[in-house]
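What follows is each chain in one-letter form.
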Amino acid sequence: ACINTEGYTKDREEYELDQDIETHMGGLKKIIAQRLQDAAGLKAEGNSYMREKRLKDAVIAYKGGLAKMEICQQASVIMADSMSSKQTRLVGDLHRNLAAAQLELGDFEGARENCDRALECTSANGEGPDEEKARYRRATALLQLGRVTEAQPDIKRLAACRGADDPVVKRLMAQAADQTN
C-alpha cells in the first residue's frame with residue numbers, strides 16, 4: 001500500500017525519532033562489521049592452530065568466532081543481501097572447521113552437530129565443496145558413532161557429487177559395509 005500526501009510535515013518528535021533510528025542503525029552496522037572482522041580473525045587463528053595440531057586451541061577459536069557471529073545472525077534480516085551472504089558463509093566455515101577439529105579430538109557428536117549447522121548455512125548457497133566437506137565430516141562422525149543408517153544419505157550424496165570411484169567415497173562405503181557385517 002502506498003500513501004500519497006501533500007503538504008505533510010513531520011513534527012519535531014517524529015523527526016527526532018527518525019534521526020535516532022538513523023544514528024542507531026549506523027552504530028549497529030559498525031558493531032556488525034566489527035563482529036564479522038573479529039570472527040574472520042578467529043577463524044584464521046583456528047586454522048593456524050589446526051595446522052600446528054593445537055586442536056583444543058582451534059576449537060576455542062572457532063567457538064569464539066561463532067559467539068561473535070550470534071548478533072550478526074540475528075541482524076541478518078536488516079543486512080544487505082551481499083553482507084548477509086558473507087555472514088552466512090563465515091558461520092558455515094566456522095561450523096565446518098570446528099567439526100574438523102572435533103573429529104580429530106574424538107568429539108564425534110559435537111562434529112555431527114556442527115556439520116548439521118554448516119549444512120543449514122550451505123543449503124542457502126547450493127551444493128559445492130563446502131557442502132561436500134560438511135557431508136564427509138558428518139558421515140565420518142556418524143560412522144564413528146556406529147550410526148551407519150544415518151550416515152548412508154551423506155555417503156550417497158557424496159557418491160553422486162564426486163563419483164562412486166572417488167577414494168573418499170570408497171573409504172566411507174567400506175567403513176559402512178564393515179559396520180553392517
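Residues numbered from 1 in each chain as written. Predicted model: local features only at pLDDT ≥ 70, side-chain atom pairs only at ≥ 80, totals over all residues. Heavy atoms only, no water.

1. Quick look at the layout of surface pockets
Operational definition: In the cavity and pocket records, a cavity denotes points on a 1 Å grid over the protein atoms alone where a 1.4 Å probe fits but cannot get out, a pocket denotes an open set with protein on both sides within 12 Å along at least 5 of 7 lines, and lining residues are residues with an atom within 4 Å of a point. Grid points are joined across faces, edges and corners, and a volume is the space filled by probe spheres set on the points. Counting from the N terminus, the helices are DSSP H or I runs at least four residues long and the strands are E runs at least two residues long.
Roughly 180 Å³ of internal volume is contained in the largest pocket. As for the largest pocket, its lining consists of twelve residues, and the residues nearest its centre are Leu66, His95, Leu98, Asn114 and Arg117. Taken together, the elements giving at least two residues each to the lining of the largest pocket come down to α2 (55–74), α3 (81–105) and α4 (108–123). Among the elements that take part in the lining of the largest pocket, α2 stands out by supplying five residues, more than any other.

2. Quick word on the packing of helix α6 (residues 148–162) against helix α7 (residues 167–180)
Note the cut-off: Axes, fitted as lines to C-alpha atoms, cover a helix only where it is in contact. Angles between the N-to-C directions of the axes lie from 0 to 180 degrees. Roughly parallel refers to an angle under 35 degrees, roughly antiparallel to one over 145, roughly perpendicular to one between 65 and 115, and oblique to any angle outside these ranges. Left-handed describes a crossing whose near helix is turned anticlockwise from the far helix by less than a right angle; the clockwise case is right-handed. The contact rule is simple, with two residues in contact once any of their heavy atoms fall within 4.5 Å. Note on residue classes: Ala, Val, Leu, Ile, Met, Phe, Trp, Tyr, Cys and Pro are nonpolar, Asp, Glu, Lys and Arg are charged, and everything else, Gly too, is polar.
Remark: α6 packs on α7, axes separated minimally by 10 Å, with the N-to-C direction vectors making an angle of 155 degrees. With respect to α7, the axis of α6 lies roughly antiparallel. For the crossing formed where α6 meets α7, the hand is left-handed. Contact with α6, carried on its side by Val148, Gln152, Ile155, Leu158, Ala159 and Arg162, involves Val168, Val169, Leu172, Met173, Ala176, Gln179 and Thr180 of α7 and no other residues of that element. Residues belonging to the contact of α6 with α7 are distributed by class as follows: nine nonpolar, three polar and one charged.

3. With respect to the packing of helix α5 (residues 129–144) against α7
Each pair of packed helices gets described by two things: the angle between the helix axes and the distance between those axes. In the contact formed by α5 and α7, the axes pass within 10 Å of each other and the chain directions differ by 20 degrees. Comparing their axes, α7 and α5 come out roughly parallel. Crossing of α5 over α7 shows left-handed handedness. When α5 is examined against α7, the residues Tyr136, Ala139, Thr140, Leu143 and Gln144 are found in contact with a partner set consisting of Val168, Arg171, Leu172, Gln175, Ala176 and Gln179. In terms of residue class, the contact of α5 with α7 is built from six nonpolar, four polar and one charged.

4. Observations concerning the pattern of salt bridges
Where charged atoms from two side chains of opposite charge come close, those side chains can pair. The condition that has to hold: We define a salt bridge as a contact between a side-chain nitrogen of Lys or Arg and a carboxyl oxygen of Asp or Glu at a distance within 4 Å. For the exposure calls, accessible area comes from a 1.4 Å probe over protein chains only, and a residue counts as buried if that area is under 20% of its type's maximum, exposed if over 50%, partly exposed in between.
Within this structure, the stated rule accounts for 18 salt bridges. The salt bridge involving aspartate 116 is made with arginine 138; its shortest N-O contact spans 2.7 Å. Of this pair, aspartate 116 sits in helix α4 while arginine 138 sits in helix α5; the two residues are 22 residues apart in sequence, bridging distant segments of the chain. By relative accessible area, aspartate 116 is classed as partly exposed at 22%.

5. Re the confidence of the model for the protein chain
As a reminder of what qualifies: Confidence of the predictor at the level of single residues is captured by pLDDT, which takes values from 0 to 100.
For the protein chain, per-residue confidence averages 85 on the pLDDT scale, and residues scoring 70 or more make up 77% of the total. Mean pLDDT values for the elements of the protein chain range from 79 in helix α1 (residues 12–51) up to 94 in α6.

6. Some words on α6
Heads up, the condition is: Multiply 1.5 Å by the residue count of a helix minus one, and that product is the helix's expected span.
Compared with the 21 Å implied by 1.5 Å per residue over 15 residues, the 20 Å span of α6 between its first and last C-alpha is a close match. Along α6, the residues classified as buried are Val148, Ala151, Asp154, Ile155, Leu158 and Ala159. Tucked inside the fold, the buried residues of α6 contact α5 and α7. Of the residues trailing α6, glycine 163 is marked for its positive phi of about 95 degrees.

7. A word on the environment of alanine 40
Looking at where alanine 40 falls in the secondary structure, it is placed in helix α1. Classification of alanine 40 as partly exposed rests on a relative accessible area of 35%. Between the C-alpha atoms of alanine 40 and leucine 66, which are 26 residues apart in sequence, the distance is 9.8 Å.

8. Structural notes on the side chain of arginine 135
Our working definition: N or O atoms within 3.5 Å of each other form a polar contact, as long as, within protein, one can give a hydrogen and the other can take it, and as long as residues adjacent in sequence are counted only when both atoms are side-chain atoms.
Mapping arginine 135 onto the fold places it in helix α5. In this structure the side chain of arginine 135 is engaged in a polar contact, spanning 2.7 Å, whose partner is the side chain of glutamate 131. Setting aside chain neighbours within four positions, we find arginine 135 in contact with Leu119, Asp154, Arg157 and Leu158.

9. Here's the deal with the side chain of aspartate 166
Of note, aspartate 166 is situated in the loop between α6 and α7. Looking at aspartate 166, its side chain comes within polar contact range of the main-chain nitrogen of valine 168, at 3.0 Å.

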